[in-house]
Amino acid sequence: MAKQLGLSSYNIIGFVTIVDVNRAKSFYQDVLGLRLMYEEPPFALVFDANGIMLRLGMGKELPPASGTVLGWQVPDIVSVVENLGKTGVRFERYEFLKQDDSGIWTAPTGARVAWFKDPDGNILSVSEHPEGK
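This write-up is about the structure you can find in this document. In this text, all values refer to a predicted model and were calculated from it rather than measured experimentally. Think of each chain on its own: its residues are numbered from 1, step by step along the sequence as written. Local features are withheld for residues below a pLDDT of 70 in this predicted model, meaning they are given only at 70 or higher, and side-chain atom pairs are given and counted only at 80 or more; totals for whole chains, interfaces and linings count all residues. Working from all heavy atoms in the structure, the side-chain values ignore hydrogens and water.

### Remarks on the overall build of the chain
Moving on, step 1. Runs of H or I in DSSP of at least four residues are treated as helices and runs of E of at least two as strands, each being numbered from the N terminus. Along the chain, the regular secondary structure elements total 2 helices and 8 strands.
Moving on, step 2. Listing every helix and strand of the chain by position from the N terminus yields β-α-β-β-β-β-α-β-β-β.
Moving on, step 3. Projected onto the principal axes, the alpha-carbon positions of the chain cover approximately 50 × 40 × 25 Å.
Moving on, step 4. Exposure classes here rest on a 1.4 Å probe applied to the protein chains alone. A residue is buried below 20% of its type maximum, exposed above 50%, and partly exposed in between. Buried residues in the chain amount to 33% of all 133 residues.
Moving on, step 5. Sequence separation of 24 or more characterises 51% of the internal contacts of the chain that already satisfy a separation of 6 or more. Only heavy atoms matter for contacts: two residues are in contact if any of them lie within 4.5 Å across the pair.

Shown next as structure tokens:
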């Protein structure tokens, strides 16, 4: 039997740094609907993101933002953006992208993406991808 190489058969864990623990806990649990698995103060809040472990690391300050840190692939971006908007999520606008009235950008591949921030300013996204992409 051949020895397994690489990480392709193992689950990934998501990591995001937070500073305001209470606001982050409320946002990820109540607004995004993720299940809080447990708390590990002063290290992390641990959530279940549809079978993926998401660790919100409790930091003293945030690293400089350099792009999207978490994204969810969704089947119907328009309804997800609408539903998140009803919970108070504000979608980001970027001058260098042509976004529709809801803040959704369509990539050259046909993928559609909308970005928003968590309470600490981390950039998150939802995206819908054409079949096979």
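Further notes follow.
### Overview of the sheet that holds strand E2 (residues 35–40)
Note: strands within a sheet are paired through backbone hydrogen bonds, in either parallel or antiparallel orientation.
Moving on, step 1. Strand pairing requires that DSSP identify at least two bridges connecting the strands. Reading across from one edge, E1-E4-E3-E2 is the order of the 4 strands in this open sheet, with mixed pairing throughout. Whereas interior strands pair on both sides, the edge strands pair on one side only; in this sheet they are strand E1 (13–18) and E2. With direction set aside, neighbouring strand axes in the sheet form an average angle of 20 degrees.
Moving on, step 2. Bridge count between E1 and strand E4 (residues 52–58): 6 bridges; the pairing is parallel. By the bridge assignment, Ile13 is partnered in E4 with Met53.
Moving on, step 3. Along the sheet, helix H1 (residues 21–31) makes contact with E1, E2, strand E3 (44–49) and E4, crossing E3 at roughly 5 degrees. Interaxial angle, 0 to 180 degrees, is taken between N-to-C directions of lines fitted to C-alpha atoms, where a helix line uses only the stretch in contact.

### Let's talk about unusual backbone geometry
Most peptide bonds adopt trans geometry, and most residues besides glycine take a negative phi value.
Moving on, step 1. With an omega of 5 degrees, the peptide bond running from Pro41 to Pro42 counts as cis.
Moving on, step 2. Tracing the backbone through its elements, the reader meets Pro42 in the loop between E2 and E3.
Moving on, step 3. A positive phi angle, close to 55 degrees, is found at Asn50, a residue other than glycine.
Moving on, step 4. Note that Asn50 resides in the loop between E3 and E4.

### Considering the environment of Glu92
Moving on, step 1. Looking at the secondary structure, you find Glu92 in the loop between helix H2 (77–86) and strand E6 (105–106).
Moving on, step 2. Spatially, the C-alpha atoms of Glu92 and Arg35 are 25 Å apart, while their sequence positions differ by 57 residues.
Moving on, step 3. Among all residues touching Glu92, those that are not within four sequence positions of it are Gln99, Gly103, Trp115, Phe116 and Lys117.

### A short note on the packing of aromatic side chains
Moving on, step 1. Aromatic pairs are defined between Phe, Tyr and Trp rings, using the six-membered ring for Trp, whenever the two ring centres lie within 6.5 Å; interplanar angles under 30 degrees are classed as stacked, those over 60 as edge-to-face, and all others as tilted. Using the criterion set out here, one finds 6 aromatic pairs in the structure.
Moving on, step 2. Here Phe27 and Tyr28 contribute two aromatic rings whose centre-to-centre distance is 5.5 Å and whose plane-to-plane angle is 85 degrees, an arrangement assigned as edge-to-face.
Moving on, step 3. The exposure class of Tyr28 is buried, given its relative accessible area of 0%.
Moving on, step 4. Ring pairs connect the aromatic residues Tyr94, Phe96, Trp105 and Trp115, which therefore count as one cluster.

Purely geometric numbers; function is a separate question.
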